[in-house]
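These are the residues of each chain, in order.
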Amino acid sequence: MRMFVDGDAFPNLLKPILFRQIERLHIETFVISNKHITIGKSKLISYIVVEQGADEADNHIVALVKEGDLVITADIPLADRVISKNAHAIDHRGELYSIDNIKQYLAMRNLMEKIRESGEMTRGPKPFEQKNAHQFANQLHKFLTKYCKI
């Protein structure tokens, strides 16, 4: 299993959590973004900066991901594309996307987008907090326990 990080909106609170797991389990990891970011220095981590553009990083991740890989992203359409390739996706708040729930998340996202496009004012996501980092850490640990030799 390899890990891919959709790096453009990756919260700083999660960087040390993810870095520890990469090092502890020796997981080959690719951080893909439109600008240079870092989660730590390691021979296990490759940083790939793609062209500017709305879906450039997403398209690059989808092109590289294989069955059984893990993608960390808050982008629901990207998670849907990843799951369609029999890979896994976890969001920054610890939600494990699956074949059983991704279409529901995607439908809700699309509905909210249509509401915003109609001029309706909606609230954005709640601010990212320490409790979200804790939820992410728990879900990542649970996932890695199941799919890696720990």
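Asks: How should I be thinking about the layout of surface pockets in this particular structure?
Replies: Reported here for the second largest pocket is a volume of approximately 230 Å³. If you go around the second largest pocket, you meet 14 residues; those closest to its centre are His88, Leu96, Tyr97, Ser98 and Tyr147. For the lining of the second largest pocket, the secondary structure elements donating two or more residues are strand S5 (88-90), strand S6 (96-97) and helix H5 (130-147). When residues in the lining of the second largest pocket are grouped by element, the largest group, 5 residues, is from H5.

Asks: Would you take a moment to explain the pairing of strand S2 (residues 29-33) for this structure?
Replies: Regular strands show a simple pattern: their side chains alternate between the two faces of the sheet. Counting buried residues along S2, 5 of its 5 residues qualify, which places the element largely inside the surrounding structure. Judged by which residues are buried, S2 turns out to be covered on both faces: Thr29, Val31 and Ser33 on one side and Phe30 and Ile32 on the other are all buried. Looking at chain direction, strand S1 (residues 3-6) and S2 are connected through 4 bridges and run parallel. Counted as the bridge partner of aspartate 6 is isoleucine 32 from S2.

Asks: Looking at this structure, how should I read the pattern of salt bridges?
Replies: Two side chains of opposite charge can pair, provided their charged atoms sit close to one another. Evaluation of the coordinates by the stated rule reveals 2 salt bridges. Between arginine 2 and aspartate 69 there is a salt bridge, and its shortest N-O distance comes to 2.9 Å. Remark: aspartate 69 occurs in the loop between helix H2 (56-64) and strand S4 (70-72) and arginine 2 occurs in the segment before S1; sequence separation between them is 67 residues. When sorted by exposure, arginine 2 lands in the same class as aspartate 69, which is buried.

Asks: Explain H5 here, please?
Replies: Think of an α-helix as 3.6 residues a turn; residues three or four steps apart then line up on the same face. With 18 residues, H5 extends 26 Å between its outermost C-alpha atoms, agreeing within 8% with the 26 Å of an ideal straight helix rising 1.5 Å per residue. Those residues of H5 not exposed but buried are Asn132, Ala133, Phe136, Gln139, Leu140, Phe143 and Leu144. All buried residues of H5 fall inside an arc of 130 degrees around its axis, so they share one side. Across from the buried face of H5, at angles greater than 90 degrees, the exposed residues are Gln130, Lys131, His134, Lys142 and Lys146. Where H5 is buried, its residues touch helix H1 (15-25), S4, S5 and S6.

Asks: I keep staring at the environment of leucine 64 and nothing clicks. Help me out?
Replies: Mapped onto the elements of the fold, leucine 64 is located in helix H2. Judged by its relative accessible area of 29%, leucine 64 falls in the partly exposed class. A sequence separation of 60 residues divides leucine 64 from phenylalanine 4, and the C-alpha atoms of the two residues are 8.9 Å apart. Look past the residues within four positions of leucine 64 in its chain and what remains in contact with it is Arg2, Phe4, Ile32, Ile48 and Asp69.

Conventions and cut-offs
Residues numbered from 1 in each chain as written. Predicted model: local features only at pLDDT ≥ 70, side-chain atom pairs only at ≥ 80, totals over all residues. Heavy atoms only, no water. 1 Å grid on protein atoms, 1.4 Å probe; cavity = no way out; pocket = protein on both sides within 12 Å on 5 of 7 lines; lining within 4 Å. Points joined across faces, edges and corners; volume = space filled by probe spheres on them. Helix = DSSP H or I, 4+ residues; strand = E, 2+ residues; numbered from the N terminus. Buried < 20%, exposed > 50% of the residue type's maximum accessible area, 1.4 Å probe, protein only. Pairing = 2+ DSSP bridges. Salt bridge = Lys/Arg side-chain N within 4 Å of Asp/Glu carboxyl O. Expected span 1.5 Å × (residues − 1). Arc of directions from axis to C-beta. Contact = heavy atoms within 4.5 Å.

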